[in-house]
Amino acid sequence: MSHTRSSREAPNPAVRAVYDELGALLDRGDDVFVEEGPPLLEDAIERDGFFEGVTSDSAPPDEYTREKVIGDPGEHVIRFMEWPPEYTLMPHEHHGRPCFEVLVEGHLVLSDMKQTRVGDNEFTFDVIDSTVAQPGESAVVDPRKNEIHAVYSPVRSRSLHVYPEDDWRAYGYVHKKEENNTDIYERREFQLREPENGPDNQ
Ligand SMILES: [Fe+2]
């Protein structure tokens, strides 16, 4: 099992403070977490010292990276993602739980997608809403409103993501074929990028 820099070193006090505050929100439920969490993290990253020892892994041209910033065993997690230019993350969903991100650098487009079942494990998608996040701004995935979403980074971007649990599996929709000018996708379980030596969710 590999150990990343961030899991070896204790998180800095500013990171620990906001992590614990986010945990207190989660104790009050997913709705409170997704409503009150984003402004909490937006404020936290403006504080002196927040980024001390907090780094993202450089993203290669064809894949994003997801460095763990902090996450106690079995608890929520903050990950620092880096997105290469012109990268699209397929439509996917996270087991009915909410999550949110605060953009640190670049631009990130988060699109809510509506699926229509058109066959046996065959779906088409419509984009029902898109959020363009600028640095310092947040975007949320709230399963009460919509669950399936896709991410696009027009330029190299870095963002902090908060998940209520560190579950790196999700359901993704993979492009299967085109029929009558319509793109058809199939649903598959996939991993939100598994580290080479196994999940670093210890
Ligand atoms: Fe997601």
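Only a predicted model underlies this, so the values are computations on that prediction, with no experimental measurement involved.

A. Quick peek at the overall build of the chain. Within the chain one finds 3 helices and 11 strands. Listing the helices and strands of the chain from first to last along the sequence gives α-α-α-β-β-β-β-β-β-β-β-β-β-β. Here the C-alpha radius of gyration of the chain, 17 Å, is about what a compact globule of 202 residues would show, namely 17 Å. Viewed in the frame of its principal axes, the chain has a C-alpha envelope of about 55 × 35 × 30 Å. Expressed as a percentage of its 202 residues, the buried residues of the chain come to 47%. Looking at the chain alone, contacts between residues at least 24 apart form 73% of all its contacts between residues at least 6 apart. Of the roughly 10200 Å² of accessible surface on the chain, a fraction of 44% belongs to carbon and sulfur atoms. For the chain, the distance from the average position of its 21 positive side-chain charges to the average position of its 43 negative side-chain charges is 3 Å.

B. Representation of the packing of aromatic side chains within the structure. A complete count under the given rule lists 9 aromatic pairs for this structure. Seen in terms of ring centroids, Phe123 and Tyr173 are 5.5 Å apart; in terms of plane orientation they differ by 90 degrees. Their pairing is edge-to-face. Of the two residues, Phe123 is situated in strand 6 (residues 122–133) and Tyr173 in strand 10 (residues 169–179); the sequence distance between them amounts to 50 residues. We classify Phe123 as buried; its relative accessible area is 8%. With relative accessibility at 1%, the residue Tyr173 sits in the buried group. Here the guanidinium or amino end of Arg187 rests over the ring plane of Tyr171, the centre of that ring lying 4.0 Å away.

C. Main features of the coordination of the iron ion. At this site the iron ion is bound by His92 (NE2), His94 (NE2) and His149 (NE2), with donor distances of 2.1 to 2.2 Å. Along the chain, the residues donating to the iron ion are arranged with the sequence spacing H-x1-H-x54-H. In this pair, the class of His92 matches that of His94, namely buried.

D. Representation of the pattern of salt bridges in the model. Summed over all chains, the structure comprises 20 salt bridges. A salt bridge links Arg158 to Glu105; the shortest N-O distance between them is 2.7 Å. Here Arg158 is found in strand 9 (residues 157–163), whereas its partner Glu105 is found in strand 4 (residues 99–105), with 53 residues between them in sequence. Linking Arg144 and Asp142 is a salt bridge whose minimum nitrogen-to-oxygen distance equals 2.9 Å. Here Asp142 falls in the buried class, since its relative accessible area comes to 8%.

E. How the structure looks around helix 3 (residues 30–44). The terminal C-alpha atoms of helix 3, which comprises 15 residues, lie 20 Å apart, in line with the 21 Å expected from a rise of 1.5 Å per residue. Helix geometry: helix 3 is bent most strongly at Gly37, by close to 40 degrees, with proline Pro38 lying one to four residues after it. In this structure, the buried side of helix 3 is in contact with helix 2 (13–27), strand 4, strand 7 (138–141) and strand 9.

F. Highlighting the packing of helix 2 against helix 3. Where helix 2 meets helix 3, the axes come as close as 8 Å, and the angle between the chain directions of the two elements is 165 degrees. In this view, helix 2 runs roughly antiparallel relative to helix 3, as classed from their interaxial angle. Handedness of the helix 2/helix 3 crossing: right-handed. Residues Val18, Glu21, Leu22, Leu25 and Leu26 of helix 2 lie in contact with helix 3, whose contacting residues are Asp30, Val32, Phe33, Glu36, Gly37, Leu40, Leu41 and Ala44. In terms of residue class, the contact of helix 2 with helix 3 is built from 9 nonpolar, 1 polar and 3 charged.

Rules used in this analysis
- Residues numbered from 1 in each chain as written.
- Predicted model: local features only at pLDDT ≥ 70, side-chain atom pairs only at ≥ 80, totals over all residues.
- Heavy atoms only, no water.
- Helix = DSSP H or I, 4+ residues; strand = E, 2+ residues; numbered from the N terminus.
- Rg over C-alpha atoms; globule rule 2.2 N^0.38 Å.
- Buried < 20%, exposed > 50% of the residue type's maximum accessible area, 1.4 Å probe, protein only.
- Contact = heavy atoms within 4.5 Å.
- Areas by Shrake-Rupley, 256 points an atom, 1.4 Å probe, with all protein chains shown as cover.
- Lys, Arg positive; Asp, Glu negative; His and termini not counted.
- Charge placed at Lys NZ, Arg CZ, Asp CG, Glu CD.
- Phe/Tyr/Trp six-rings, centres within 6.5 Å; stacked < 30°, edge-to-face > 60°.
- Lys NZ or Arg CZ within 6 Å of the ring centre and 35° of its normal.
- Donors = N, O, S within 2.8 Å, 3.2 Å for Na, K, Ca; no water.
- Salt bridge = Lys/Arg side-chain N within 4 Å of Asp/Glu carboxyl O.
- Expected span 1.5 Å × (residues − 1).
- Bend = angle between axes of the 7 residues up to and from the residue.
- Axes fitted to C-alpha atoms, helices over the stretch in contact; angles between N-to-C directions.
- Parallel < 35°, antiparallel > 145°, perpendicular 65-115°, else oblique.
- Left-handed = near helix turned anticlockwise from the far one by under 90°.
- Nonpolar A, V, L, I, M, F, W, Y, C, P; charged D, E, K, R; others polar.

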